[in-house]
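Architecture and fold: a report
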Amino acid sequence: MTILPRGGAARFSRRASSRAPVLRPALHRVHAAATTESLTITTPDDWHLHVRDSEKIADVVPFTARVFARALIMPNLNPPVRTVADARQYRDQILSAVPEGVSFAPQMTLYLTDNTSPADIVDAAKSGFVVGCKLYPAGATTNSDLGVTDIAKIYPALRAMAEHGLVLEVHGEVTHASVDMFDREKVFLEEVLGGLVAGKSAVPGLKIVMEHITTAEAVAFCEDAPATVAATITPQHVLYNRNAMLVGGIRPHLYCLPILKREKHRAAVALAAMSGNPKFFLGTDSAPHPRGTCWGFPKSDSRCLQPLCACLSAILVTLTSTGNSYKYITRRMFAHTSYERGLTRLTLFFYTSQGAKESACGCAGVFSAHAALPFYASAFEKEGKLDKLQGFASHYGADFYGVPRNAGTVTLVKKNWTVPQTYAFGNDVVVPFFAGEIVEWQVEGQSI
Ligand code: DOR
Ligand code: ZN
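Residues numbered from 1 in each chain as written. Chains lettered and ligands numbered in written order. Predicted model: local features only at pLDDT ≥ 70, side-chain atom pairs only at ≥ 80, totals over all residues.

What the protein contains, in helices and strands, is 14 helices and 14 strands. When each of the 448 residues of the protein is scored for burial, the buried share is 44%. Contacts in the protein between residues at least 24 apart in sequence constitute 74% of all its contacts with a sequence separation of at least 6. (Helix = DSSP H or I, 4+ residues; strand = E, 2+ residues; numbered from the N terminus. Buried ≥ 20, exposed ≤ 12 C-beta atoms within 10 Å, placed from the backbone. Contact = placed C-beta atoms within 7 Å.)

Moving on, we come to the site of ligand 1. In the vicinity of ligand 1, the residues found are His50, Asn76, Thr141, Thr142, His171, Cys256, Leu257, Ala287, Ala364 and Gly365. In the shell around ligand 1, the residues fall into four nonpolar, six polar and no charged. (Near = placed C-beta within 6 Å. Nonpolar A, V, L, I, M, F, W, Y, C, P; charged D, E, K, R; others polar.)

Right, let's get into the nonpolar core. With 108 residues, the main nonpolar core has Met161 and Tyr376 as its most contacted residues. Of all the elements, helix H13 (residues 372-382) adds the most residues to this core, at seven residues. Dropping the residues within four chain positions of it, Met161 is found in contact with Ile121, Cys133, Leu166, Leu168 and Leu206. (Core = buried A, V, L, I, M, F, W, Y, C linked by C-beta atoms within 7 Å.)

Take the sheet that holds strand S6 (residues 130-135) next. Two pairing modes exist for strands in a sheet, parallel and antiparallel, and in both the strands are linked by backbone hydrogen bonds. Within the open sheet, the eight strands sit side by side as S3-S4-S5-S6-S7-S8-S9-S10. Their pairing is parallel. If you trace the sheet from one side to the other, it starts and ends with strand S3 (45-49) and strand S10 (280-282), each paired once. With direction set aside, neighbouring strand axes in the sheet form an average angle of 30 degrees. Pairing between strand S4 (residues 70-73) and strand S5 (residues 105-111): four bridges, direction parallel. Of the residues in S5, the one forming a bridge with Ala71 is Pro106. (Pairing = 2+ DSSP bridges. Axes fitted to C-alpha atoms, helices over the stretch in contact; angles between N-to-C directions.)

Right, let's talk about helix H6 (residues 216-224) for a bit. For the α-helix, the turn length of 3.6 residues means that residues three or four positions removed from each other point alike. By the burial criterion, the buried members of H6 are Ala218, Val219, Phe221 and Cys222. Buried residues in H6, looked at end-on, bunch into an arc of 165 degrees, giving them a common side. (Arc of directions from axis to C-beta.)

What follows deals with the pairing of strand S7 (residues 167-170). Burial along S7 is two-sided: Val167 and Glu169 facing one way and Leu168 and Val170 facing the other are all buried. Bridge count between S6 and S7: four bridges; the pairing is parallel. When the sheet's bridge partners are listed, Cys133 is paired in S7 with Leu168. Following the backbone out of S6, through helix H4 (residues 155-164) and into the adjacent parallel S7, one traces a crossover that is right-handed. When S7 meets strand S8 (residues 208-210), the two strands line up parallel, connected through three bridges. From the neighbouring strand, Val170 faces S8, where its bridge partner is Met210. Between the parallel pair S7 and S8, the chain is carried across by helix H5 (residues 184-197), and the sense of this crossover is right-handed. (Right-handed = clockwise from strand over helix to strand, strands pointing away.)

Further remarks concern helix H3 (residues 118-127). Among all positions of H3, only Asp120, Ile121 and Ala124 are buried. Taken around the axis of H3, the buried residues stretch over an arc of 100 degrees, which confines them to a single face. Exposed side of H3, more than 90 degrees from the buried face: Ala119 and Lys126 are the residues found there. Buried residues belonging to H3 abut helix H2 (84-96), S5, S6 and H4.

The next subject is unusual backbone geometry. Looking along the chain, the bond that leaves Asn78 and enters Pro79 is cis, with omega of 0 degrees. Checked against the element boundaries, Pro79 lands in the loop between S4 and H2. Across the junction of Leu257 and Pro258, the peptide omega takes the value -5 degrees, indicating a cis bond. With respect to the helices and strands, the residue Pro258 is situated in the loop between helix H8 (242-246) and helix H9 (263-273).

Residue-level pLDDT values for the protein average 86, and 78% of them are 70 or greater. Residue range residues 6-34 is modelled with pLDDT below 50. Its contacts to residues more than four positions away, or to other chains, number 47 contacts. (pLDDT = per-residue confidence, 0-100.)

The next thing to look at is the environment of Val419. Position of Val419 relative to the elements: it lies in the loop between strand S11 (409-418) and strand S12 (423-425). In sequence terms Val419 and Phe433 are 14 residues apart; their C-alpha atoms lie 8.2 Å from each other. Contacts of Val419, omitting those with residues within four sequence positions, involve His370, Ala371, Pro432, Phe434, Ala435, Gly436, Glu437 and Val439.

Pasting the structure below:
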C-alpha cells in the first residue's frame, strides 16, 4: 500500500473548498486532519452487493466493476436465485452489464429456503462460480418471504456446505413481532447464531459471515468466535448513527436493514472496521431501490403523471380487492382506447411502486456503489486509520473466502466532488448515499 503525504509525490492536489464538511459534525468525532493526498491499495472486493435484475443491472453494475475486481452478489431477486441454473443465468446478466475492457468477476450466492437440499449444495460447489449461500430469515428484509422459517430446517444443507466448502452468509436478525426493531440483531446472536457457531448444534467447519453488522454485540460476538466466523461492514453503518435518519425528519434513503443504531454501536462497528482485525472486511450492501417517480420526473415536475397514475392505481386496488383479477380489470378499462398499452404500463408501474423508496411504505436499502471506496476512505481518514483501509477493503475478505488477493491496484485521490442527486435506474432513478453532498475522496480515473 502506498500512502502519499501532502507535499510528497501526490498526483493530485487538494482543492480548497468553502462547502460544508462531508460528515455531519454532530454525528462524528472528527480527529486527525487530513495528512494524505493519495492512497494506492490492492484492488478491492465488495463482499456484499445487490445489483437487482432486468434493465436496472446495467445502471448499477458498472459502478462496482470499475473499482472492485470481485463482488459477492446477493440472491434476493423476485423470484430468488435458488439453484445453480438461476445463478448461472444471473451471472450472465451481470457480466453483460460490465463495461468493455473492465475485468470483474461476480461471486454468486444461492438463496437458502426451507427446501434447499444437500444435492443443491453439491451442485453449487461444483459450479465453480457459486461461493456461498445466503440465509435470510423469512420476512426479515427485501424479498425474504421465501427465506428460512426455522434454522433447524436447513441443517442438512448447512452440513453439506461445510463439507463442500461453501460459505454461509447470514442476515442476522430475528423477525418476531415481539422483538424491537433495534434489538433484532442482538437477539439473533443469542437465539440463533450462538447455537450455530458453538452450541450442541454447531456445524463443524462451516464458514460463516455475519453480514452488515450494526451493533457492539455483533462486533464482540465476531471477535470471540472461532476463526471460521467473520463479518462485513457497510459504509453507512460506519458513518452514521440513527439520528442521521430520524432527527429533523425521516430520511428514507438512509433506511436500511439492519437499521442504523445508536452512536455507541456505530462507534464500535467503525472501530472494528479500522482495527486491522482480519475478521472484519468490506461489504457495502449497496442496495438500490427506485425512488418511486414517473420515469425520473419528480412530483413537482409537470411531466410527472403521478396524480393520474395514483388515481388509476387506487381504482385498481379497490377493484382487485373485490375479487376481480388485475388482468381482467385492465383489459376492461383500456380495451377500447387507443392508449391501452401506455396506460396499462403506467398503471402497472404505479401499482407495483410500493417497492419504491419514497412511498407510504418505503423499502430498505442504501445505494452506495457509486462511491463505495471513497466513503470508507473518508471514514478511515477521519479516524487517522487510512493505513488500515487496504487490509479491510482488499485483503481480509479474499483471505477468508480462500481466493487469491487481487493483483492490481487502485488509487484514491483526495479531491472534493459533489454526489449527484440521482442516478438513472431502469425506468426510474435511484437516490445515492450522500446525494448532493461533498465527498472528499475519489478513485483515480473515475469520472463522476
Ligand atoms: O437494507 C437492506 N436492503 N437490507 C437487506 O438486507 C436487503 C437489502 C435489499 O435487498 O434491498
Ligand atoms: Zn444486503
